[in-house]
Amino acid sequence: NKTNPFGFFPDWGNYKATGTHIGTDFAVVVGTPVFAPTDGDMYKTEVNQYKGNVGIYIFEHKGITWGLELCHLKELPKLGKYKEGAIIAYSGNTGGKTTGPHLHSVLHRDAKVTRHYQELQSREAFLRLQKEGVIVDCLEWFRANVSNPV
């Protein structure tokens, strides 16, 4: 259930720099499993005051390295390699800005998650990165590129 779409231009002030919701929110109950879309590596985990428990899942597709950022997780995922279809995380309701249980996800081309956020200082920067295909709506990408999305 997609509840807050990628690139949504909300009326509230949570996104002061960009004015944009960077990611896709899926309303799911706490503890809903998140499956690996393909073989890959849970490369990094962190706790963020706004995003809560975060995991960055790195995978290759057609010669491009992608970073799938998963936020508000129930707990920090375990680092390491995973096979397609394996459970890599569980949805939660962590972080200071949530309004209910959900999974927030963002797909970053070239897996340059940190650099992309450093560039995201305005609505114009978001629109440029989106147009360049650097920051991508993960739901639409998976529908177009994964034959059997789990």
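In case you missed it, the structure is sitting above this.
### Observations concerning the environment of phenylalanine 26
Positionally, phenylalanine 26 belongs in strand 2 (residues 24-26). Relative accessible area serves as the criterion here: at 16%, phenylalanine 26 is assigned to the buried category. Spatially, the C-alpha atoms of phenylalanine 26 and histidine 104 are 6.5 Å apart, while their sequence positions differ by 78 residues.

### Focus: the nonpolar core
Membership of the largest hydrophobic core comes to 21 residues, with the highest contact counts inside it found for Tyr57, Phe59, Leu68, Leu70, Ile88, Leu107 and Trp141. Excluding anything up to four places from it in sequence, tryptophan 141 contacts Phe59, His61, Trp66, Leu107, Val136 and Val146. Membership of the second largest hydrophobic core comes to seven residues, among which are Val106, Leu120, Phe126 and Ile135.

### Describing the packing of aromatic side chains
According to the stated counting rule, one finds six aromatic pairs in the structure shown. Note on tryptophan 141 and phenylalanine 142: the rings are 5.0 Å apart at their centroids and 90° apart in plane angle, and the pair reads as edge-to-face. In this structure an aromatic cluster arises from ring pairing among Tyr57, Phe59, Trp66, Tyr82, Trp141 and Phe142.

### Quick notes on the pattern of salt bridges
Counting across every chain of the model gives six salt bridges. The partner of lysine 83 in a salt bridge is aspartate 39, and the shortest N-O contact between them spans 3.7 Å. Pair noted here: lysine 83 is in the loop between strand 7 (80-82) and strand 8 (87-90) and aspartate 39 is in the loop between strand 3 (33-35) and strand 4 (40-48), with a separation of 44 residues, a long-range link. Judged by its relative accessible area of 59%, lysine 83 falls in the exposed class. By relative accessible area, aspartate 39 is classed as partly exposed at 40%. Salt-bridge contacts for arginine 109 lead to aspartate 110; the nearest nitrogen and oxygen are separated by 3.6 Å. When its relative accessible area of 37% is taken as the criterion, aspartate 110 is described as partly exposed.

### Notes on helix 2 (residues 123-131)
Every buried residue of helix 2 is accounted for by Ala125, Phe126 and Leu129. Buried residues of helix 2, viewed axially, fall in a sector of 100°; they line one side. Facing away from the buried side of helix 2, by more than 90 degrees, are the exposed residues Glu124 and Lys131. Following helix 2 by one or two positions, glycine 133 has its phi on the positive side, about 75°.

### Topic: the environment of aspartate 110
Along the chain, aspartate 110 falls in the loop between strand 9 (103-109) and helix 1 (113-119). For the pair formed by aspartate 110 and glycine 67, sequence separation is 43 residues and the distance between their alpha carbons is 7.0 Å. Look past the residues within four positions of aspartate 110 in its chain and what remains in contact with it is Ile64 and Thr65.

### Regarding unusual backbone geometry
In this model, lysine 62 sits at a positive phi of 50°, which is unusual for a non-glycine residue. Structurally, lysine 62 can be placed in the loop between strand 5 (52-61) and strand 6 (64-73). Although it is not a glycine, histidine 72 adopts a positive phi angle of roughly 65°. On the secondary structure map, histidine 72 appears in strand 6.

Procedures and definitions
- Residues numbered from 1 in each chain as written.
- Predicted model: local features only at pLDDT ≥ 70, side-chain atom pairs only at ≥ 80, totals over all residues.
- Heavy atoms only, no water.
- Helix = DSSP H or I, 4+ residues; strand = E, 2+ residues; numbered from the N terminus.
- Buried < 20%, exposed > 50% of the residue type's maximum accessible area, 1.4 Å probe, protein only.
- Core = buried A, V, L, I, M, F, W, Y, C linked by side-chain atoms within 4.5 Å.
- Contact = heavy atoms within 4.5 Å.
- Phe/Tyr/Trp six-rings, centres within 6.5 Å; stacked < 30°, edge-to-face > 60°.
- Salt bridge = Lys/Arg side-chain N within 4 Å of Asp/Glu carboxyl O.
- Arc of directions from axis to C-beta.

In short, the description is geometric, and any link to function would need to be established separately.
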